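Here are the chains, one letter per residue:
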Amino acid sequence: QVQLVESGGGLVQPGGSLRLSCATSGSFFDIYSMGWYRQSSDRQRELVARITKNGRTTYADSVKGRFTISRDNAKNTMYLQMTSLKPEDTALYYCNADAKAGLSTPWNDYWGQGTQVTVSS
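Within each chain, residue numbers correspond to sequence positions counted from 1 in written order. Thresholds applied to this predicted model are a pLDDT of at least 70 for local features of residues and 80 or more for the giving and counting of side-chain atom pairs; totals over whole chains, interfaces and linings are not thresholded and use all residues. In computing side-chain properties, one takes all heavy atoms of the structure into account and sets aside hydrogens as well as water.

Novice: Could you clarify how one ought to interpret the pattern of salt bridges in this entry?
Specialist: If charged atoms from side chains of opposite charge come close, those side chains can pair. Each salt bridge in this description consists of a side-chain nitrogen of Lys or Arg and a carboxyl oxygen of Asp or Glu lying within 4 Å of one another. Counted according to the given criterion, the structure contains six salt bridges. Arg 43 is paired through a salt bridge with Glu 46; the nearest N and O atoms lie 2.8 Å apart. With its nearest N and O atoms 3.2 Å apart, the salt bridge here joins Asp 61 to Lys 64. Salt bridges linked by common partners bring Arg 38, Arg 43, Glu 46, Arg 66 and Asp 89 together as one network.

Novice: I'm lost on the pairing of strand β9 (residues 91-100) in this one. Help?
Specialist: Walk down a regular strand and you will see the side chains alternate between the two sheet faces. Throughout, exposure labels follow a simple rule: accessible area from a 1.4 Å probe, protein chains only, divided by the maximum for the residue type, with under 20% read as buried, over 50% as exposed, and the rest as partly exposed. Think of it this way: any DSSP run of H or I at least four residues long counts as a helix, any run of E at least two long counts as a strand, and we number them from the N terminus. Here β9 lies mainly inside the structure; eight of its 10 residues are buried. Strand pairing requires that DSSP identify at least two bridges connecting the strands. When strand β4 (residues 30-40) meets β9, the two strands line up antiparallel, connected through nine bridges. Paired with Met 34 across the two strands is Ala 97, which belongs to β9. Direction of pairing for β9 relative to strand β11 (residues 115-119): antiparallel, over a ladder of three bridges. Following the sheet pairing, Leu 92 is matched in β11 by Gln 116. One ladder, built from five bridges, connects β9 with strand β10 (residues 107-111); its direction is antiparallel. Its bridge partner lying in β10, Ala 97 is registered against Tyr 110. Linking β9 back to β10 in an antiparallel pair, the connection comprises six residues.

See below:
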């Protein structure tokens, strides 16, 4: 079964850092782009950062300069390095992939279960 598995969430103090990872379980035929989204009790799910197969990146204005997205195409693994964390970064972070599961299957959206990030003193 093809899945996305997130890890790296946890509790951190304001100003601290965390690195989130999203690994593939099983084998995707191809992954065009991957991204991180977040959702909290008072906010709709929103894009945090996205990266294409060619390395082009997109960031939400609220995280520019603080977060860095990267991916290892050989391992089909994506990372989100978060620094200078703020309480408003507290959310459930989801991994997403725009991918093709097999040679003859269509392109589709895949989601992980999410990993909780809590920024608090």
